[in-house]
Amino acid sequence: MNLVRRLEYQVVRPALRWARPAKRVVLGGITIDYKAELDGGGIEFGQDFIPFLKSRNMPVQKRIFEWCCGPAFIGFSLLGHRLCETLCLADINPKAVASCLNTVRANNLGDRVSVYLSNNLKSIPTHEKWDLIVSNPPHFIDRYDGDIRAHDPDWSIHRDFFRTVTPYLQEEGVILLQENNRGSTVASFREMIDESGLEIVFTHHDKQELTAKSEFYFIGIMKKGAHVPDWAR
Ligand SMILES: C[S@@+](CC[C@H](N)C(=O)[O-])C[C@H]1O[C@@H](n2cnc3c(N)ncnc32)[C@H](O)[C@@H]1O
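Bear in mind that the values here come from a model prediction, so they are computed numbers and not experimental data.

A. Just the overall build of the chain, in detail. Helix and strand counts for the chain stand at 6 helices and 9 strands. By the compact-globule yardstick of 17 Å for 233 residues, the chain fits well, its C-alpha radius of gyration being 17 Å. Expressed along its principal axes, the backbone C-alpha trace of the chain runs to roughly 50 × 45 × 30 Å. Long-range pairs, those at least 24 residues apart, make up 66% of the contacts in the chain between residues at least 6 apart in sequence.

B. Spatial organisation of the environment of P59. One can find P59 in the loop between α2 (49-55) and β3 (61-67). Residues P59 and N2 lie 57 residues apart in sequence; the distance between their C-alpha atoms is 49 Å.

C. Layout of the site of the ligand. Neighbouring the ligand are 22 residues; G40, G42, C68, G70 and I92 lie closest to it. Of the residues that constitute the shell around the ligand, the class distribution is 10 nonpolar, 9 polar and 3 charged.

D. Structural context of the environment of P138. Its place among the elements puts P138 in the loop between β6 (130-135) and α5 (156-164). It is 8.4 Å that separates the C-alpha atoms of P138 and G40, two residues lying 98 residues apart in sequence. Sequence-distant contacts of P138, that is, excluding residues within four places in its chain, are made with C68, R149, A150, H151, D152 and I157.

E. Representation of the UniProt feature "domain: Methyltransferase small" (unreviewed entry) in the chain within the structure. Residues given the UniProt feature "domain: Methyltransferase small" (unreviewed entry) here are residues 60-180. A helix fraction of 25% and a strand fraction of 31% characterise residues 60-180, whose end C-alpha atoms lie 27 Å from each other.

F. Here's a closer look at the sheet that holds β6. If you trace the 7 strands from one edge of the open sheet to the other, you get β5-β4-β3-β6-β7-β9-β8, paired in mixed fashion. In this open sheet, the two strands that pair with only one neighbour each are β5 (113-117) and β8 (198-204). If you compare each strand with its neighbour and ignore which way they point, the axes differ by 20 degrees on average. Pairing between β8 and strand β9 (residues 216-223): 6 bridges, direction antiparallel. Its bridge partner being in β9, E199 is matched across the sheet by M222. Running at roughly 170 degrees to strand β4 (residues 84-91), helix α3 (residues 73-80) makes contact with β3, β4 and β6 of the sheet.

G. Here's a closer look at α3. In terms of burial, α3 is largely enclosed, as 8 of its 8 residues are buried. When α3 is considered as a whole, its buried residues turn out to be F73, I74, G75, F76, S77, L78, L79 and G80. Immediately downstream of α3, the backbone of R82 shows phi near 60 degrees, a positive value.

Conventions and cut-offs
Residues numbered from 1 in each chain as written. Predicted model: local features only at pLDDT ≥ 70, side-chain atom pairs only at ≥ 80, totals over all residues. Helix = DSSP H or I, 4+ residues; strand = E, 2+ residues; numbered from the N terminus. Rg over C-alpha atoms; globule rule 2.2 N^0.38 Å. Contact = placed C-beta atoms within 7 Å. Near = placed C-beta within 6 Å. Nonpolar A, V, L, I, M, F, W, Y, C, P; charged D, E, K, R; others polar. UniProt positions renumbered as here; feature names shortened; annotations may be inferred. Pairing = 2+ DSSP bridges. Axes fitted to C-alpha atoms, helices over the stretch in contact; angles between N-to-C directions. Buried ≥ 20, exposed ≤ 12 C-beta atoms within 10 Å, placed from the backbone.

Encoded structure:
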């Protein structure tokens, strides 16, 4: 990326966005004040997790983790809709983590929500064990260079996540990722999932080819050979 575009994406645009007043949304009864610059779509297509999991009759999960949480629109909504008892959140961006901590304080959720500042899972203690991991991670390998919400260079963020997630995943734990068919197909991730001792147990609404416009799909992933719960079959 040339210097002018880098300045635009990494300095000018973030500064302009940060100067805008905070927005407010209420999800499942939880009030979230957030800056637009942290929104990665979780408020919009990210809310598809709720009807998707309800339609599959997923039982209430003990602990859900939202990887790449941003302001945690997805995680807080799952908690507010009583799809989990407790919630764990992590993001690499200190502003996203501050936003989550603010939501925890404002909604008195301190006894049910933990928040970590972490590059992938590197700063998360291994006593954390999750029944379900959800995420709307960066979706593009070849676009949005410099935008940490969207760009995953060489799929290194995904690859590192799959490589390190096993100790945190309960035996019958499920990873449910929301991906964008404009940036990937299921095949983009299959090999790195397999190499990490994991396997794809279902996909939903994915296309075999990249699409011209954003279209979102789900991938369900578990440890190889694990017993698949009914809702994830
Ligand atoms: C598409 S946005 C999703 C944000 C939010 N979950 C939503 O749905 O609106 C991707 C998020 O991934 C975070 N992220 C990027 N690289 C990361 C990494 N290496 N470790 C943890 N989080 C990362 C970004 O800071 C951003 O919040």
